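Now for the letters of each chain:
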Amino acid sequence: MSVIPSIALNDGHSIPQLGLGVFQTPAAETAAAVSAAFEAGYRHIDTAAIYGNEEGVGQAIAASGLPRDQLYITTKLWNADQGHDSALKALDLSLQKLKLDYVDLYLIHWPVPSRGLAVDSWKALIKAREAGKIRSIGVSNFRPEDLDAVIDATGITPVLNQIELHPLMQQAAQRADDARRGVITESWSPLARGGEVLGDPRLQQIADKYGKNPAQVILRWHIELGLVVIPKSVTPSRIRDNADIFDFKLDAADLAVIAGFNQDQRIGPDPATLA
């Protein structure tokens, strides 16, 4: 089993630096994938209401026998549920599906600037945290102006901003802005679409040097940058491999090679326009 380090958050809590993401994991396969992750040493699971698989995560938690305080569970508020009262109701439904009294981290999934409800939603998250239903509150896909809006309105800074981040979309400016505020950056879709990057011979050369595979090299790159990373897989062997990244360290030349992959190329939606 891998020992996964944690990163301190700005509210006094901490988050495991590696977790299992369950985006696009079929509901019927989610419990097995999460159980495999627990067996491999993962304790951090990242889901969302819109993924439709919170129940599977909850089933795996219940079956694991692991103490609740050893787990780190994240879920997210979907766009259609933004707004103060609707956000509180959505959180309660997520807790019900997860069979939990609280989540460790709750994120506003997208800023949805066209609706203008992010601040009201953020106030709801603050209220729910005070009620003990959430340990830490954060955001996902927020740009600097979106962060300004919620912080200026409440004085409360998110602990974390989960954004699309991979070698083709390295988000240096957003990472720097998050760091300036004391916000941890978390990477979704950390391997891009897989083949676009994993088949690159430059990456294979780095992998060969360390006796690793290209995916492990990319995940290690995220770790080296101080990011939290949540690769998705339903294959137990790959879930184990993705956690086997804490026994080597990329050197400066390796990091420079991967930096050269950047194309500012999104594979997901643009936060400025997603409704």
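These remarks concern the structure in this document. (Residues numbered from 1 in each chain as written. Predicted model: local features only at pLDDT ≥ 70, side-chain atom pairs only at ≥ 80, totals over all residues. Heavy atoms only, no water.)

## Digging into the packing of helix α3 (residues 84–98) against helix α4 (residues 118–130)
What counts here: Lines fitted to C-alpha atoms define the axes, with helix axes restricted to the stretch in contact, and inter-axis angles between N-to-C directions lie between 0 and 180 degrees. In this text, helices come from DSSP runs of H or I with a minimum length of four residues, and strands from runs of E with a minimum of two, each type numbered from the N-terminal end. Note on angle classes: values under 35 degrees are labelled roughly parallel, values over 145 roughly antiparallel, values of 65 to 115 roughly perpendicular, and the remainder oblique. Note: crossing handedness is left-handed where the near helix turns anticlockwise from the far helix by less than a right angle, and right-handed where it turns clockwise. Working rule for contacts: check all heavy atoms of both residues, and any pair within 4.5 Å makes them a contact.
The N-to-C vectors of α3 and α4 enclose an angle of 50 degrees; their axes lie 8 Å apart at closest approach. Classified by the angle between their axes, α3 and α4 sit oblique to one another. Crossing of α3 over α4 shows right-handed handedness. In contact with His84, Ala87, Leu88 and Leu91 of α3, α4 contributes Asp120, Ser121, Lys123, Ala124, Lys127 and Ala128.

## Here's the deal with the side chain of Ser121
On the secondary structure map, Ser121 appears in helix α4. Apart from residues no more than four positions distant in its own chain, Ser121 is found in contact with Leu77, Gln82, Gly83, His84 and Ile108.

## Overview of the packing of aromatic side chains
The cut-off we apply is this: Stacked, edge-to-face and tilted labels apply to pairs of Phe, Tyr and Trp rings (six-membered ring for Trp) whose centres lie within 6.5 Å, assigned for plane angles under 30 degrees, over 60, and everything in between, in that order. Three labels apply to residues, based on accessible area from a 1.4 Å probe with only protein chains included: buried if under 20% of the type maximum, exposed if over 50%, partly exposed otherwise in between.
Within the structure shown, the criterion is met by three aromatic pairs. Between Phe23 and Tyr51, the ring centres sit 5.3 Å apart and the planes meet at 55 degrees, which makes this aromatic pair tilted. With Phe23 in the loop between β3 (20–21) and α1 (27–39) and Tyr51 in the loop between β4 (44–46) and α2 (54–64), the pair connects residues that are 28 residues apart, well separated along the chain. Overall, the relative accessible area of 45% leaves Phe23 in the partly exposed class. The class for Tyr51 is buried, based on a relative accessible area of 17%. Taking the centre distance of 5.2 Å and the plane angle of 45 degrees together, the rings of Tyr210 and Phe248 count as tilted.

## Focus on the packing of helix α5 (residues 144–154) against helix α6 (residues 172–181)
If you want to describe how two helices pack, look at the angle between their axes and the distance between the axes. Our working definition: Note on residue categories: nonpolar means Ala, Val, Leu, Ile, Met, Phe, Trp, Tyr, Cys or Pro, charged means Asp, Glu, Lys or Arg, and polar means any other residue, Gly included.
Two elements in contact, α5 and α6, have axes whose closest approach is 10 Å; the angle formed by their N-to-C orientations is 25 degrees. Looking at the two axes, α5 sits roughly parallel to α6. Contacts from Pro144, Leu147, Asp148 and Ile151 in α5 reach Gln174, Asp177, Asp178 and Arg181 in α6. Counted by class, the contact of α5 with α6 contains three nonpolar, one polar and four charged residues.

## A few points about unusual backbone geometry
With a phi close to 65 degrees, Asn141 is a non-glycine residue in the positive phi region. Checked against the element boundaries, Asn141 lands in the loop between β7 (134–140) and α5.

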